[in-house]
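Each chain is listed here by its residues.
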Amino acid sequence: MAAWLVRRLAASIAIVWAVVTLTFIVVHLAHGSPCGQPDGLPVSPAICADLTRRFGLDKPISTQYYKYLGALLHGDLGWSFALRRPVAAALAEALPNTFTLALTSLILDFALGIALGVYQAARERRFGDIALGNVALFVNSMPTFWLGLVLLLVFGQRLGWFPVGGLRDLVLCPRVNSLPCVADFAWHLTLPALTLGLVGAAATARYQRAAMLEVVRQDFVRTARAKGLRERRVLLVHALRNALLPLITLFGLTFPFLLTGAVLVEWVFAWPGMGRLAVTAILERDYPIVTAAALVASVMVVLGNLLADALYGVADPRIRVRST
Amino acid sequence: MPTTRPSSRLPAVAALAALLVIAGCARKGGCTGDYCGTLVIAGAGEPDILLPPVTSFSPSRDVIEQVFLKLADLGPSGNTIGDEDFQPQLAERWEWDTPTTLVFHLDPRAHWQDGRAVTAADVAFTYDIYTDSLVNSPVRPTLRQIAAVTTRDSLTVVFRFRQRYPEMFYDAVYHMRIMPSHLLREVPRSQWRTAAFGRAPVGDGPYRFVAWRAGESLELAADSTFFLGRPHLRRLIWRFTPDQQIAVTQLIAGDADAVEVLITPDNRDRARADTQLAIYPYKGVAYGYLWFNFAAPGDTTQPHPLFGDRELRRALAMTVDRGGLLRNVFGDMAKVPPGPMSQIFSIWDPETRELPHDSARAARTLTRLGWTDSDGDGIRDRDGHPLAFRLLVPTTSAPRRQYARLLQEQFRAMGVDVQLDEVDFSVFNERAHAGRFDAMLNTVNTDPTPSSGVPQSWTRAGFGGLNYGRYENPAFERLVDRAVTSVAGRDEAKRTWRAAIEILNQDAPAIFLFATENAAAVHRRVADVRIRPDSWLALVRTWRIPADRLTDRDRVER
């Protein structure tokens with residue numbers, strides 16, 4: 001097990017390094033300069049030249065790369081040109097917001113997806129199954145930003161049930177430090193989390209239905225029924241645990257997907273997370289932020305996969321990881 | 001078939017209801033009277049830094065305006081010539097010792113928000129910072145006529161100018177916001193662009209800094225001891241949105257109280273339909289134009305193969321129906337400018353002579369120049385070369401992209417092939433700087449006066465700087481120089497400017513397409529809303545919410 005873990009960790013570090021290197025090269029080779037003002041107005045060439053010199057962008061890309069790697073090994077992600085502050089500080093403020101959104105969406109995605117999948121499998125080819133299957137397909141085929149816009153316009157702007165953006169009520173709850181403010185935060189979180197979670201849940205439900213149908217036809221389920229167990233117990237206790245196995249892989253991949261998928265949702269709902277930070281940084285050629293965002297995303301994907309592998313072993317005792 | 005009993009849903013429904021009730025419950029506050037309001041301003045863009053000498057970014061300026069004062073500021077007339085229309089801020093009065101020596105007397109009541117008095121040393125320090133090449137302030141070039149700033153005593157500061165000219169006072173006061181020397185003296189000049197002070201400033205203005213939540217919001221609180229009068233609005237909160245469309249949506253949904261610009265007629269109609277909102281039109285500071293490159297793309301030593309020809313440029317300019325384009329893109333929220341100017345310039349004069357929209361004349365000119373459609377493909381050509389050019393457009397600007405398509409169609413009807421290079425703003429900026437374009441759609445935000453912007457963009461002084469098109473005409477430059485330096489009076493300056501602009505218009509170095517007309521939207525409970533076109537929040541300390549219009553959110557104590 002330890003050897004396996006070491007091998008996986010080494011491979012993970014190599015993947016992260018490759019992603020960071022590729023991002024660094026691509027973003028530096030892209031046309032454009034980091035001198036532009038975000039409002040689209042021209043910047044004096046003298047000031048642009050000054051910025052370029054100060055941030056070392058006039059040096060060869062190889063020099064910049066080695067300097068960047070050296071700093072990264074010391075935990076220094078560099079300075080943001082546009083935000084004029086350390087990249088780590090900017091990420092530290094944005095990441096928790098994105099994690100909160102992604103985690104809530106993940107819970108919604110799997111809770112709803114598994115429940116629907118089980119329900120559909122229990123009613124295979126009956127009206128409920130067919131209707132829910134079609135609805136799930138419809139929702140799953142929607143782009144998240146479009147669904148977000150629809151939810152925002154209907155439930156935010158037209159009906160006024162939810163806020164149309166932001167993290168909190170800036171007047172009443174500048175800090176989330178009381179029960180009403182926690183509720184306010186949850187209220188603001190609802191639409192963006194629903195946007196991400198619903199699309200995910202539709203896909204999860206389809207996976208779960210297929211997995212359940214495969215499991216309920218197996219001998220041990222037939223045996224359970226023959227023993228006279230109630231159908232609910234057969235499905236939820238015996239079949240479900242075995243049918244969760246494929247979902248564990250999906251779970252490991254979904255969290256990083258939600259992190260990156262949150263980009264458009266964060267934009268639509270003015271959610272101050274990492275996705276919005278990264279998009280703005282790309283538009284402004286803020287190389288350190290772009291590279292750091294790629295670093296975080298790749299770490300998340302690698303960790304998600306590691307977690308999935310670990311959970312696989314926990315969920316299915318038949319799977320044993322060989323250490324050789 | 002299993003069923004779910006209604007009672008099993010109850011906890012979930014009850015929890016959701018409780019959540020909504022709690023979220024909906026505002027904490028009832030106790031603030032009453034004339035100083036309780038809170039204004040939430042939604043807007044695209046977040047300040048880069050709150051340190052006036054090192055930023056010219058408009059979201060930063062809006063906040064900085066409330067935290068740091070100038071010596072004096074523009075009055076309601078917007079007149080930048082002489083000193084009679086300026087209003088005191090840190091300086092309670094001023095006088096001219098000689099025609100080139102200006103003496104300011106600071107208001108003894110002025111103080112920094114940490115309690116220290118504002119002194120003449122702060123003013124001298126500020127001038128030193130703004131003109132330091134290491135700090136490299138964006139406004140440094142505008143201070144070049146000021147030879148020195150010295151202190152006479154703790155409340156008296158002396159400005160000495162290199163020469164006499166009409167906008168001496170404007171240059172002395174408009175560009176610099178006074179900085180606290182006791183807090184900033186130790187910051188190395190090369191590190192001003194990233195100074196920590198810029199994220200938590202201590203100022204001398206009507207509002208003090210409270211909090212800046214990156215990507216989300218920025219909050220200021222009124223300084224109840226502000227020496228020029230306590231601001232009526234107790235709190236100003238900026239809510240950052242990814243784009244202006246989302247800002248307008250937040251305004252209409254009631255999540256914000258004000259936006260600076262509605263930009264499109266569609267947004268204005270949305271805001272008008274909301275009875276809670278009042279719309280305040282004001283003159284815009286921006287103008288946009290199609291800029292011809294006089295040099296070969298990427299090689300400033302060679303003339304452009306097409307646009308070096310004055311007659312060709314004039315024909316292209318006469319091809320464009322600027323009024324029709326403007327109505328299509330902006331409706332009535334912009335005007336066709338009579339030259340390189342925004343609507344706030346005092347030299348704006350609709351009578352200024354321009355090239356007319358005359359497609360028949362344009363076609364005759366092109367034919368006379370040898371540009372005819374010899375092969376019947378709809379595109380004019382000469383010596384085997386089609387009449388074609390590429391138009392550089394930033395993808396970040398929806399109006400400019402719309403303009404580009406409409407221009408493409410109008411030129412096509414004249415037999416001119418225009419291909420669009422739509423690129424993101426950083427690429428647009430880089431190619432503009434390097435001169436790698438045939439023509440570009442540019443927008444400029446102007447100062448209140450043409451004296452700085454016009455020479456930078458349209459004379460040889462701007463070569464290597466902001467004159468990306470490399471237009472030059474000695475006759476135009478002589479007139480501009482005379483208009484900027486002449487002390488003969490405001491009317492004479494205006495006449496000279498008009499003569500200069502008419503020369504430029506006849507040369508057609510660009511096609512001036514639009515000058516924006518802005519419209520801010522503010523919640524109706526806010527009274528005494530006055531907007532100064534060059535800076536929409538400059539007068540916000542005088543806005544107020546009458547006691548009978550206060551909402552719970554205005555009253556809430558935190």
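1. A few points about the overall build of chain B
Here's step 1: When its secondary structure is counted, chain B shows 16 helices and 21 strands.
Here's step 2: Whereas a compact globule of 558 residues would reach a radius of gyration of roughly 24 Å, chain B reaches 27 Å, a difference of no more than 12%.
Here's step 3: With the C-alpha coordinates of chain B rotated into their principal frame, the extents come out at 95 × 80 × 40 Å.
Here's step 4: Expressed as a percentage of the 558 residues in chain B, the buried residues total 48%.

2. Some points on the overall build of chain A
Here's step 1: A tally of helices and strands in chain A yields 12 helices and 0 strands.
Here's step 2: Taken from N to C terminus, the helices and strands of chain A fall in the order α-α-α-α-α-α-α-α-α-α-α-α.
Here's step 3: Taken along its principal axes, the extent of the C-alpha atoms in chain A is 85 × 60 × 40 Å.
Here's step 4: Going through the 324 residues of chain A one by one, you find that 41% of them count as buried.
Here's step 5: Contacts in chain A between residues at least 24 apart in sequence constitute 74% of all its contacts with a sequence separation of at least 6.

3. Topic: the environment of B:Leu184
Residue and element names in this part refer to chain B.
Here's step 1: Inspection of the secondary structure assignment puts Leu184 in helix α5 (residues 181-184).
Here's step 2: Of the residues examined, Leu184 has 20 C-beta atoms within 10 Å and is grouped as buried.
Here's step 3: As a C-alpha pair, Leu184 and Ile146 span 38 residues in sequence and 23 Å in three-dimensional space.
Here's step 4: Among residues more than four places away in sequence, those in contact with Leu184 are Met179 and Phe197.

4. A few points about the interface of chain A and chain B
Here's step 1: Across the contact, 52 residues belong to chain A and 55 residues belong to chain B.
Here's step 2: Those elements that place two or more of their residues in the side of chain A that touches chain B are α2 (45-54), α4 (87-122), α6 (144-158), α7 (179-216) and α11 (274-283) of chain A.
Here's step 3: The element best represented in the side of chain A that touches chain B is α7(A), accounting for 6 residues.
Here's step 4: Split by residue class, the side of chain A that touches chain B holds 31 nonpolar, 11 polar and 10 charged.

5. Let's talk about the packing of α4(A) against α7(A)
All names here are of chain A.
Here's step 1: Where α4 meets α7, the axes come as close as 5 Å, and the angle between the chain directions of the two elements is 35 degrees. When you trace α4 past α7, the crossing you get is right-handed.
Here's step 2: Of the residues contributing to the contact of α4 with α7, the split by class is 18 nonpolar, 10 polar and 2 charged.

6. Some remarks on the environment of B:Arg364
Here's step 1: Summarising the element assignment, B:Arg364 is placed in helix α10 (residues 359-368).
Here's step 2: With 179 residues separating them in the primary sequence, B:Arg364 and B:Trp543 have C-alpha atoms 57 Å apart.

7. Some remarks on the packing of α6(A) against helix α10 (residues 245-268) of chain A
Residue and element names in this part refer to chain A.
Here's step 1: The N-to-C vectors of α6 and α10 enclose an angle of 30 degrees; their axes lie 9 Å apart at closest approach. Put simply, α6 runs roughly parallel to α10. Judged by the sense of rotation from one axis to the other, the crossing of α6 with α10 is right-handed. Contacts between α6 and α10 involve Thr144, Phe145, Gly148, Leu149 and Leu152 from the first element and Gly261, Leu264, Val265 and Val268 from the second.
Here's step 2: The residue makeup of the contact of α6 with α10, split by class, is 6 nonpolar, 3 polar and no charged.

8. Quick notes on unusual backbone geometry
Here's step 1: Here the phi dihedral of A:Arg84 falls at roughly 55 degrees; this positive angle occurs in a residue that is not glycine.
Here's step 2: Positive phi values are uncommon outside glycine, yet B:Arg470 reaches one of about 60 degrees.

9. Description of the pairing of strand β6 (residues 146-153) of chain B
Residues and elements named next belong to chain B.
Here's step 1: Two elements, β6 and strand β7 (residues 156-161), share 6 bridges in a ladder whose sense is antiparallel. Each residue of the ladder has a partner; that of Thr150, found in β7, is Val158.
Here's step 2: With antiparallel pairing between neighbouring strands as the criterion, β6 and β7 make up a hairpin whose turn holds 2 residues.

10. Topic: helix α12 (residues 425-434) of chain B
Residues and elements named next belong to chain B.
Here's step 1: Burial analysis of α12 places 8 of its 10 residues in the buried class, the great majority of the element.
Here's step 2: Within α12, the full set of buried residues consists of Phe425, Ser426, Val427, Phe428, Asn429, Arg431, Ala432 and His433.
Here's step 3: One or two steps after α12, the chain reaches Gly435, where phi turns positive at roughly 70 degrees.

11. As for the nonpolar core
Here's step 1: Formed by 237 residues in total, the largest nonpolar core has its most connected members in A:Ala293, B:Val259 and B:Ala521.
Here's step 2: Those residues within four positions of B:Val259 in sequence are excluded, and the remaining contacts are B:Ala42, B:Gly43, B:Ala247, B:Val248, B:Leu251, B:Ala520 and B:Ala521.

12. Side note on the sheet that holds strand β4 (residues 91-98) of chain B
All names here are of chain B.
Here's step 1: One open sheet holds the 4 strands; their spatial order is β4-β5-β7-β6, and the pairing between them is antiparallel. Each edge of the open sheet carries a strand with a single partner, namely β4 and β6. Sheet twist, expressed as the mean angle between neighbouring strand axes with direction ignored, is 20 degrees.
Here's step 2: The strands touched by helix α3 (residues 120-130) within the sheet are β5 (101-106), β6 and β7, with β6 carrying the most contacts at an inclination of about 165 degrees.

13. Quick word on the pairing of strand β14 (residues 299-303) of chain B
Residues and elements named next belong to chain B.
Here's step 1: The buried fraction of β14 amounts to 0 of the 5 residues, a small share that puts the element mostly on the outside.
Here's step 2: Two elements, strand β13 (residues 295-296) and β14, share 2 bridges in a ladder whose sense is antiparallel. The residue of β14 that forms the bridge with Ala296 is Asp299.
Here's step 3: Connecting the antiparallel pair β13 and β14 is a turn made up of 2 residues, with Gly298 showing a positive phi of about 80 degrees.

14. Here we look at the confidence of the model for chain B
Here's step 1: Mean pLDDT for chain B: 91, with 95% of residues reaching 70 or above.
Here's step 2: Here the complex is predicted with pTM 0.84, and the ipTM for its interfaces comes to 0.79.

15. Looking at the environment of A:Leu236
Here's step 1: Topologically, A:Leu236 is positioned in helix α9 (residues 231-243).
Here's step 2: Taking the C-alpha atoms as reference points, A:Leu236 and A:Ala308, separated by 72 residues in sequence, lie 22 Å from one another.

What counts and how
Residues numbered from 1 in each chain as written. Chains lettered and ligands numbered in written order. Predicted model: local features only at pLDDT ≥ 70, side-chain atom pairs only at ≥ 80, totals over all residues. Helix = DSSP H or I, 4+ residues; strand = E, 2+ residues; numbered from the N terminus. Rg over C-alpha atoms; globule rule 2.2 N^0.38 Å. Buried ≥ 20, exposed ≤ 12 C-beta atoms within 10 Å, placed from the backbone. Contact = placed C-beta atoms within 7 Å. Nonpolar A, V, L, I, M, F, W, Y, C, P; charged D, E, K, R; others polar. Axes fitted to C-alpha atoms, helices over the stretch in contact; angles between N-to-C directions. Left-handed = near helix turned anticlockwise from the far one by under 90°. Parallel < 35°, antiparallel > 145°, perpendicular 65-115°, else oblique. Pairing = 2+ DSSP bridges. Core = buried A, V, L, I, M, F, W, Y, C linked by C-beta atoms within 7 Å. pLDDT = per-residue confidence, 0-100.

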